[in-house]
Amino acid sequence: MEEDRCAIRIVAMPPPILNLPLATPRPTDAQSPSVDFTALAGKYHSDAYGPLELCLVSTTFPTASSSCKVLAANVSKILPGAVNTSIPTFIGTWDSTGSSHIRLSHFSGDRFNVSVLWSVVSACKIPLARN
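We now turn to the structure provided with this report. (Residues numbered from 1 in each chain as written. Predicted model: local features only at pLDDT ≥ 70, side-chain atom pairs only at ≥ 80, totals over all residues. Heavy atoms only, no water.)

## Here's the deal with the overall build of the chain
Looking only at helices and strands, one finds four helices and five strands in the chain. In the chain, the succession of α and β elements from N to C terminus is α-α-β-β-α-β-β-β-α. Per-residue burial for the chain yields a buried fraction of 37% across its 131 residues. Partitioning the contacts of the chain with sequence separation of at least 6, the portion at a separation of at least 24 is 50%. Put simply, the chain shows about 8700 Å² of open surface, and 58% of that area lies on carbon and sulfur atoms. (Helix = DSSP H or I, 4+ residues; strand = E, 2+ residues; numbered from the N terminus. Buried < 20%, exposed > 50% of the residue type's maximum accessible area, 1.4 Å probe, protein only. Contact = heavy atoms within 4.5 Å. Areas by Shrake-Rupley, 256 points an atom, 1.4 Å probe, with all protein chains shown as cover.)

Here it is as structure tokens:
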């Protein structure tokens, strides 16, 4: 029954309030960051935001934590269309009002496009470990 209520909530979601412009496209000749993507994945802590684990989800990352492996395996269900697998992307889950995930998509060099996302699916169907 819980699954049915979640499906209703997903269908009944209101349209976006703002018509925001699309992000600047990633350059076709994007430069790699100064450190390897796998070195950037991991646990971070901020006094303002608390703990956050950034999971590299756009590529296979065999040494990822168990929670990141679960997130990577389910990201297309949790955040459909949110990850372009041709662009190195990090996803983190967090307890925040108005958002459930943060996404960092590589732009070029040491620059990333950052987005906050909200997923009803993760709260309804797929139990993920929180930091």
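Structure's up, so let's keep going.
## Concerning the sheet that holds strand β2 (residues 50-56)
Spatially, β1-β2-β3-β4-β5 is the arrangement adopted by the five strands of the open sheet, whose pairing is antiparallel. Of all the strands in the sheet, just β1 (42-46) and β5 (111-117) have a single pairing partner and so form its edges. Strand-to-strand twist in this sheet, taken as the mean axis angle between neighbours without regard to direction, amounts to 25 degrees. Pairing analysis gives six bridges linking strand β3 (residues 89-96) to strand β4 (residues 99-108), with the strands arranged antiparallel. Bridge assignment links F90 to a residue of β4, and that residue is L104. Packing of helix α3 (residues 66-78) onto the sheet brings it into contact with β2, β3 and β4, and relative to β2 it is tilted by some 70 degrees. (Pairing = 2+ DSSP bridges. Axes fitted to C-alpha atoms, helices over the stretch in contact; angles between N-to-C directions.)

So yeah, pure geometry; function would need other evidence.
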